[in-house]
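Understanding the architecture of this molecule
If you want the building blocks of each chain, they are given just below.
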Amino acid sequence: MSGNGTTPGDDPLQTAVWRLRSRACWADAAALLPVDTPAGALQRASLLVERCLYTERGWQDAEDALRTAEALAHTDDERGAAACERGQLAYAATLHRVRDRADEARAALGRAAALIPPGAAGRALLDFRRGLLAENLTHAPQAARAAYRRAHAGATAHADPLLLSFTWRHLAGLALRDGELNEARHGFAESLRILEELGYLVGTAPALASLAQTEPEPEASRLREEAGRLFRLLGGVPTWLARQLAPPEPGVATA
């Protein structure tokens, strides 16, 4: 699940789920959803998997919800979406060094690719997650860039602005790594703009901190301070942002 935010015509349940999710209240959002339908079970699993990635906790709840979603999945689309979430949970566990599940992540995302056809709505999210795996576990930036670009095109085609904000930020991160400062600044700024328009607070602090890496002072400090304020407001979520917001040690040069 990436999610589109709230728009006129959204049903009240999904609007409530979105608002809770965007404020880092994943468990509360999941509690609103039915557990006995494929769609409800899959969305619950997705929310709880996302909580693991942002908070580094709730692993067993996510695993239990995912097993329920897998058991209720009957169509290729449902099985593919569940496999995509299975891959993301294994990726998050590996990334946060809970347990090395890299092989499971690759296998699950490969299974999802066999079930979700190119051009389908769920394919863009799958491509993005394959990019995350390539960038952060396999350390293959070229493969990651190709996957992010496919995801970016898919998110554009299917009008998924939240996913588009993620692809902008990760493509910008690769550009920054390559020394393409203007390209990186543009991508980070686009990501932040979309997140602020959607009201996705839990993603806004990382976007601010990312953009700060490309701006001169005093703008860089202002962006980091705003990121820190949001980070504290949400109770220290996402947990991994704490390292990026930590002030440099005395005598240590910063890039």
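In this text the structure is predicted, and so the values were computed from the model without any measurement. (Residues numbered from 1 in each chain as written. Predicted model: local features only at pLDDT ≥ 70, side-chain atom pairs only at ≥ 80, totals over all residues. Heavy atoms only, no water.)

**Focus: the overall build of the protein chain**
This is how the line gets drawn: Secondary structure is summarised from DSSP: a helix means a run of H or I of at least four residues, a strand means a run of E of at least two, and numbering begins at the N terminus for each. Under the scheme applied here, a residue whose accessible area is under 20% of the maximum for its type counts as buried, over 50% as exposed, and between as partly exposed, the area being computed with a 1.4 Å probe on protein chains only. Here, two residues are considered to be in contact whenever any of their heavy atoms come within 4.5 Å of each other. Where accessible areas are quoted, they stem from the Shrake-Rupley method and a 1.4 Å probe; at the residue level, only the protein chains shown are allowed to cover. Positive charges are assigned to Lys and Arg, negative charges to Asp and Glu, while His and the chain termini are left out of the count. Taken as the charge centre is NZ of Lys, CZ of Arg, CG of Asp or CD of Glu, depending on the residue.
A tally of regular secondary structure across the protein chain gives 13 helices and zero strands. Its helices and strands taken in sequence order, the protein chain reads α-α-α-α-α-α-α-α-α-α-α-α-α from the N to the C terminus. Based on the C-alpha atoms only, the size of the protein chain along its principal axes is roughly 55 × 35 × 35 Å. Buried residues in the protein chain amount to 49% of all 255 residues. Considering only contacts within the protein chain whose residues lie at least 6 apart along the sequence, 54% involve residues at least 24 apart. A total accessible area of about 12100 Å² is found for the protein chain, and carbon and sulfur atoms account for 54% of it. In the protein chain, 29 side chains carry a positive charge and 32 a negative one; their mean positions are 3 Å apart.

**Things to note about the environment of Arg 86**
In plain terms, the rule: Contacts described as polar in this section are N or O atom pairs within 3.5 Å, which, within protein, must combine one atom able to donate a hydrogen with one able to accept it, while residues neighboring in sequence count only if both atoms come from side chains.
Positionally, Arg 86 belongs in helix α5 (residues 76-95). The exposure class assigned to Arg 86 is buried, which follows from its relative accessible area of 9%. Taking C-alpha positions, Arg 86 is 16 Å from Leu 137, a pair spaced 51 residues apart along the chain. Ignoring any residue separated from it by four or fewer positions in sequence, one finds Arg 86 in contact with Glu 63, Leu 66, Arg 67, Glu 70, Arg 101, Glu 104, Ala 108 and Arg 111. A polar contact is formed between the side chain of Arg 86 and the side chain of Glu 70, at a distance of 3.0 Å.

**Considerations on the layout of surface pockets**
By rolling a water-sized probe across the atoms, one finds the places where empty space is left. For clarity, the cut-off: Every definition here rests on a 1 Å grid over the protein atoms only: cavities are sets of points where a 1.4 Å probe fits but cannot get out, pockets are open sets enclosed by protein on both sides within 12 Å along at least five of seven lines, and lining residues have some atom within 4 Å of a point. Grid points are joined across faces, edges and corners, and a volume is the space filled by probe spheres set on the points. Classification convention: Asp, Glu, Lys, Arg as charged; Ala, Val, Leu, Ile, Met, Phe, Trp, Tyr, Cys, Pro as nonpolar; all other residues, Gly among them, as polar.
As a volume, the largest pocket reaches approximately 1000 Å³. Among the elements of the structure, α3 (38-55), α5, α7 (121-136), α9 (161-177), α11 (201-212) and α13 (241-245) are those that each provide at least two residues to the lining of the largest pocket. Residue classes in the lining of the largest pocket are distributed as 14 nonpolar, ten polar and seven charged.

**Some thoughts on unusual backbone geometry**
Put simply, Glu 217 and Pro 218 share a cis peptide bond, and its omega is 5°. Among the secondary structure elements, Pro 218 is positioned in the loop between α11 and α12 (219-233). Backbone torsion omega between Val 237 and Pro 238 reads -5°, so that peptide bond is classified as cis. Along the polypeptide, Pro 238 turns up in the loop between α12 and α13.

**Re the packing of helix α8 (residues 141-157) against α9**
The relative placement of two packed helices comes down to the angle between their axes together with the axis-to-axis distance. Rules: Between N-to-C directions, angles span 0 to 180 degrees; the directions come from axes that are lines fitted to C-alpha atoms, helices contributing only their stretch in contact. Angular relationships are summarised with four words: roughly parallel below 35 degrees, roughly antiparallel beyond 145, roughly perpendicular across 65 to 115, and oblique for the angles in between. For a crossing to be left-handed, the near helix must be turned anticlockwise from the far one by less than a right angle; the clockwise case is right-handed.
Where α8 contacts α9, the two axes come as close as 9 Å, and the packing angle between them is 150°. Viewed along their axes, α8 and α9 adopt a mutual orientation that is roughly antiparallel. Relative to α9, α8 is oriented so that their crossing is left-handed. Residues Pro 141, Ala 144, Arg 145, Tyr 148, Arg 149, Ala 151, His 152, Ala 155 and Thr 156 of α8 touch α9, and the partners they reach there are Leu 163, Leu 164, Thr 167, Trp 168, His 170, Leu 171, Leu 174 and Arg 177. Per-class residue counts for the contact of α8 with α9 are ten nonpolar, four polar and three charged.

**Things to note about the packing of aromatic side chains**
Heads up, the rule is: Aromatic rings from Phe, Tyr and Trp, with only the six-membered ring used for Trp, were paired whenever their centres fell within 6.5 Å, and each pair was classed as stacked if the ring planes differed by under 30 degrees, edge-to-face if by over 60, and tilted otherwise.
Summed over all chains, the structure comprises six aromatic pairs. Ring centres of Phe 166 and Tyr 200 lie 6.2 Å apart, and the angle between their planes is 65°; this geometry places the pair in the edge-to-face category. Taken together, the residues Phe 166 in helix α9 and Tyr 200 in the loop between α10 (181-198) and α11 connect sequence positions 34 residues apart.

**Overview of the pattern of salt bridges**
We apply this condition: Salt bridges are defined by distance alone: a side-chain nitrogen of Lys or Arg within 4 Å of a carboxyl oxygen of Asp or Glu.
A full pass over the atoms with the stated rule returns 22 salt bridges. Residue Glu 50 pairs with Arg 21 through a salt bridge whose shortest N-O separation is 2.8 Å. Here Glu 50 is found in helix α3, whereas its partner Arg 21 is found in helix α1 (residues 12-22), with 29 residues between them in sequence. Each member of the pair, Glu 50 as well as Arg 21, carries the same accessibility label: buried.

**Points about α5**
Side chains of residues three or four places apart in an α-helix project in the same direction, reflecting 3.6 residues per turn. Heads up, the condition is: Helix span, expected: 1.5 Å multiplied by one less than the number of residues in the helix.
For α5, which comprises 20 residues, the first-to-last C-alpha distance of 28 Å matches the rise-based estimate of 28 Å (1.5 Å per residue) to within 8%. Across the 20 residues of α5, 15 count as buried, placing the element largely inside the fold. Where α5 ends, the next residue or the one after it, Arg 97, has phi of about 60°, a positive value.

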